[in-house]
Amino acid sequence: MKKSEMLQEYLENFSFNDDTIDSMFRYATEGGQKIRSQILLLSCEAVGGDPTKTLPAATAIELMHKFTLVHDDMVDKDELRRGKLSFHAKYSEDYAIFLGDFICSESFDLLKKLPKQDSDKALACYDILSDAFYKLCLGEVTDVHSPKFMTEGEYLELIYLKSAALIEAAGKMGALLGGGSGKESQMLADFGKNFALAMQILNDVKDTLETEKRKISKKSSDVQEGKWNILLINAFEKTSYYNKKELLRIMNKKVKTDKDVKTVQRMVRDTKSAGYARNLAKLHFDRARKEIGPLKESKAKESLLKLSDINIDETYWKGK
Amino acid sequence: MRENIKEELNALGMGVIDYLETNKLDYPTNRGVGAMFDYASKPGHKLRSGLVFLGFGAVGGVNQSVILPAAAAIELLHKSTLIHDDVVDDDYYRRGLPAFHSKYGESMGVVFGDFVCASSFEVLKRLESDFDKATLVKCFEVFSSVFRDIYRGQLRDLEFEESSDISESDYMGMVGNKTGRLMNGALEIGATLGGGSEKEVRYLSEFGYNFGIAFQIRNDINNITIEKELRKDGGSDIRARKRTLMVIKTLQSENKGELLAIFNKNTIVEEDVNQAIQIFVDNGSIEYARSTVKRYAKKAKKALQEIKQGRPKEILLGLVDYIETDTYWKVHSKNGE
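In this text the structure is predicted, and so the values were computed from the model without any measurement.

Our next topic: the overall build of chain A. Tallying secondary structure elements over chain A gives 16 helices and 2 strands in all. The C-alpha radius of gyration computed for chain A amounts to 20 Å, which stays within 12% of the reference 20 Å derived for 320 residues, consistent with globular compactness. Taken along the three principal axes of its C-alpha coordinates, chain A extends 65 × 50 × 30 Å. Taken over 320 residues, chain A has a buried fraction of 50%. Sequence-distant contacts in chain A: of pairs separated by 6 or more residues, those separated by 24 or more amount to 73%.

Helices and strands together make up the secondary structure of chain B, namely 16 helices and 2 strands. Radius of gyration (C-alpha) of chain B: 20 Å, near the 20 Å computed for a compact globule of 337 residues. Oriented by its inertia axes, the alpha-carbon framework of chain B measures out at about 60 × 50 × 35 Å. The buried share among the 337 residues of chain B stands at 49%. Excluding contacts between residues fewer than 6 apart, the proportion of contacts in chain B whose partners are at least 24 apart in sequence is 75%.

An α-helical segment advances 3.6 residues per turn. Residues three or four places apart therefore align on the same side. Residue and element names in this part refer to chain A. Between its terminal C-alpha atoms helix α4 (residues 55–76) stretches 31 Å, which fits the 32 Å expected from 22 residues at 1.5 Å a residue. Counting buried positions along α4 yields 19 of 22 residues, so the element is predominantly enclosed. Among the residues trailing α4, Lys77 stands out with phi positive, at a value near 55°.

Time to look at the interface of chain B and chain A. The partner chain A presents 34 residues to the 35 residues of chain B that form the contact. Looking at the side of chain B that touches chain A, the elements that each hand over two or more residues are α4 (68–89), α6 (106–124) and α7 (133–161) of chain B.

This brings us to the confidence of the model for chain B. Residue and element names in this part refer to chain B. Put simply, chain B has an average pLDDT of 89, and 95% of its residues get 70 or more. Every residue in residues 331–337 scores below 50 in pLDDT, and together they form 13 contacts with partners more than four places removed in sequence or on other chains. Complex prediction metrics read pTM 0.93 and ipTM 0.92.

Moving on, we get to the environment of Leu63(A). Residues and elements named next belong to chain A. Residue placement: Leu63 occurs in helix α4. Residues Leu63 and Phe14 lie 49 residues apart in sequence; the distance between their C-alpha atoms is 12 Å. Discounting residues that sit within four places of it in the chain, Leu63 has contacts with Thr29, Ile103, Glu106 and Ser107.

Looking now at the nonpolar core. Side chains that are nonpolar tend, in soluble globular proteins, to be buried together. If you look at the biggest cluster of nonpolar residues, it comprises 195 residues, and the most contacted ones within it are Leu99(A), Leu129(A), Ala70(B) and Phe112(B). When residues in this core are grouped by element, the largest group, 14 residues, is from helix α8 (residues 152–177) of chain A.

Structurally, Gly44(B) can be placed in the loop between α2 (33–41) and α3 (47–58). Taking the C-alpha atoms as reference points, Gly44(B) and Leu193(B), 149 residues apart in sequence, are found 24 Å from one another.

The next thing to look at is helix α2 (residues 19–29) of chain A. Of the residues making up α2(A), those classed as buried are Ile21(A), Met24(A), Phe25(A), Ala28(A) and Thr29(A). Taken end-on, α2(A) shows its buried residues confined to a sector of 120°, consistent with a single buried face. For α2(A), the exposed residues set more than 90 degrees away from the buried face come down to Asp19(A) and Ser23(A). Where α2(A) is buried, its residues meet α1 (3–12), α4, α5 (87–90) and α6 (93–110) of chain A together with α7 of chain B. Residue Gly31(A) follows α2(A) closely and has a positive phi angle near 75°.

Bringing the packing of α4(B) against α6(B) into the picture now. All names here are of chain B. Closest axis-to-axis distance for the α4/α6 pair is 8 Å, and the angle between their directions is 165°. Accordingly, the angle class assigned to the pair α4 and α6 is roughly antiparallel. Crossing geometry of α4 relative to α6 is assigned as left-handed. Packed against α4, whose contacting residues are Pro69, Ala70, Ala72, Ala73, Leu76, Leu77, Lys79, Ser80, Ile83, His84 and Val87, the element α6 presents Glu106, Gly109, Val110, Phe112, Gly113, Val116, Cys117, Ser119, Ser120, Val123 and Leu124 at the interface.

The subject of this paragraph is the packing of α7(B) against helix α8 (residues 168–193) of chain B. Residues and elements named next belong to chain B. As a packed pair, α7 and α8 sit with axes 7 Å apart at the nearest point and diverge in direction by 170°. In terms of orientation, α7 lies roughly antiparallel with respect to α8. A class-by-class count of the residues in the contact of α7 with α8 yields 10 nonpolar, 6 polar and 8 charged.

Before going further, it helps to spend a moment on unusual backbone geometry. Peptide bonds are, in most cases, trans, and in most cases residues other than glycine have a negative phi. You will see that Lys34(A), though not glycine, has its phi angle at about 55°, which is positive. Mapped onto the fold, Lys34(A) is located in the loop between α2 and α3 (35–46). Looking at Lys34(A), the number of C-beta atoms within 10 Å reads 23, which means it is buried. One non-glycine residue with positive phi stands out, namely Arg241(B), at about 55°. Positionally, Arg241(B) belongs in the loop between α11 (236–239) and α12 (245–251).

Cut-offs used in this document
Residues numbered from 1 in each chain as written. Chains lettered and ligands numbered in written order. Predicted model: local features only at pLDDT ≥ 70, side-chain atom pairs only at ≥ 80, totals over all residues. Helix = DSSP H or I, 4+ residues; strand = E, 2+ residues; numbered from the N terminus. Rg over C-alpha atoms; globule rule 2.2 N^0.38 Å. Buried ≥ 20, exposed ≤ 12 C-beta atoms within 10 Å, placed from the backbone. Contact = placed C-beta atoms within 7 Å. Expected span 1.5 Å × (residues − 1). pLDDT = per-residue confidence, 0-100. Core = buried A, V, L, I, M, F, W, Y, C linked by C-beta atoms within 7 Å. Arc of directions from axis to C-beta. Axes fitted to C-alpha atoms, helices over the stretch in contact; angles between N-to-C directions. Parallel < 35°, antiparallel > 145°, perpendicular 65-115°, else oblique. Left-handed = near helix turned anticlockwise from the far one by under 90°. Nonpolar A, V, L, I, M, F, W, Y, C, P; charged D, E, K, R; others polar.

Here is the structure:
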């Protein structure tokens with residue numbers, strides 16, 4: 001069975017003896033690529049472990065992610081997720097708060113379902129999951145605080161907290177449960193971290209491309225939301241003094257006009273910021289692959305390498 | 001004796017505040033996180049963290065300072081639930097101060113509640129060096145399941161809001177999760193860290209669960225009796241259409257229609273609150289709630305029978321005495337701003 005199917009099946013077997021909670025839990029947790037939990041399973045396998053025994057941990061990582069989506073969508077007022085109504089839009093904000101919390105708690109509670117193992121490993125799992133939870137939340141707090149400007153360093157730190165820390169945790173926990181050495185665990189953690197950073201940076205490129213291509217976009221772009229991303233930060237750093245002031249002004253305006261958005265797009269183009277971002281993403285993909293280079297050859301290692309072998313130029317080239 | 005109990009719990013609570021003050025978590029200092037954390041974590045009567053110490057002491061644990069992280073973690077978990085609870089219930093004040101979300105906004109209320117919850121796990125981790133690993137794993141397991149049961153209770157509570165036909169046992173299950181679970185979890189963790197036997201942990205846990213239910217019902221009674229006389233926001237539960245035991249009991253009686261008529265109004269004014277209270281009185285619902293408090297109080301006391309004598313046990317029993325009678329626990333916020 002494919003890993004994503006294994007995970008789906010595991011999740012579908014959840015029941016809390018309460019129809020309402022069951023259906024809400026299902027709605028909030030179904031679908032998605034399950035990339036985080038797959039990385040956990042692959043990391044376990046890559047150090048010689050049996051991934052079927054780590055399904056509770058993989059699911060814990062996945063649920064931690066789903067919890068952030070439920071709260072995120074609500075806070076960001078995103079009404080759609082993957083073409084479906086987001087959780088709070090379907091049920092209510094009140095349910096979104098408590099169900100998000102419940103999913104998060106279920107994530108921790110799952111760790112005790114791991115096969116009986118030594119206390120050292122169990123403790124390490126709580127440690128890793130709690131660390132990721134803390135970082136995710138700190139990232140969210142920073143995001144809601146919405147700083148008027150961020151340097152590239154601050155931005156990379158933010159996307160590390162908001163998204164890479166959890167994938168780092170997935171790599172680390174997977175290797176640990178698979179019986180990997182401390183060194184292997186570190187390699188897979190760093191793989192996860194760099195892979196996630198690269199993916200996030202590509203997301204920023206996509207955001208810019210989509211704003212250029214689609215006039216009617218349901219999801220508002222980072223510029224419209226006043227959220228700094230790597231392209232906008234690079235544009236700010238490379239552009240003229242006058243443009244810097246203009247960019248700051250637009251980003252911190254309450255409502256952005258079409259003209260504002262076009263002005264920013266021009267700055268992003270003129271500074272070749274998409275190219276800059278693509279290169280930065282490549283750098284992190286390369287680092288990710290290099291990290292796990294020393295691991296013994298295996299199918300799982302192949303899969304991890306393949307995950308991080310995205311043809312950026314082809315997929316993300318249009319719009320210079 | 002009673003005043004002593006309060007003072008002792010307060011002193012324990014102050015210890016937790018000091019501990020958090022001197023052992024800050026790792027967060028950036030420039031984004032107001034520190035100020036928000038202080039606002040969210042400081043106030044309150046520290047009953048839950050006190051229960052961790054009492055569970056520890058009741059099984060013979062001596063060096064209280066080693067379990068400070070566990071007590072702080074329980075308190076932080078509790079605080080995180082309050083932040084989210086206030087957002088959901090649209091409560092703008094807590095203990096006379098603006099609720100967290102009234103001060104920092106709803107979005108921040110949601111994500112900072114999460115952050116405080118995550119902090120509770122980070123603080124719990126600090127126990128690590130002082131205990132054997134199996135004990136620590138047990139603590140994390142209990143802590144995680146407490147976390148889960150609280151929100152199970154919260155979700156049930158939301159479901160009940162839309163229902164006018166709730167059985168008493170369903171209701172007790174919800175209260176047990178929402179309020180009782182954190183209290184028995186606090187005692188369980190304290191007793192586990194104190195090296196209590198399986199039996200001792202179970203007795204204390206049972207105490208906490210029953211005490212927690214009695215505590216909640218007592219609070220609900222106070223809201224429409226003593227608080228009604230003392231505070232501007234007295235009777236707020238009726239305005240919020242909260243499902244309390246009094247409401248459940250009344251909804252099962254022939255007075256159901258009258259009460260629902262009030263709850264179905266768009267806005268509930270002072271006169272409606274008074275009328276609802278009168279319905280409760282006429283229906284015997286308040287008396288019933290009082291007797292239920294007594295019933296659970298008795299169960300709680302009985303659970304302690306085989307716990308050895310000592311100050312921790314005395315305090316626990318004293319706490320039960322407190323909530324068995326019509327006294328007002330939150331005396332210090334009379335005006336209820």
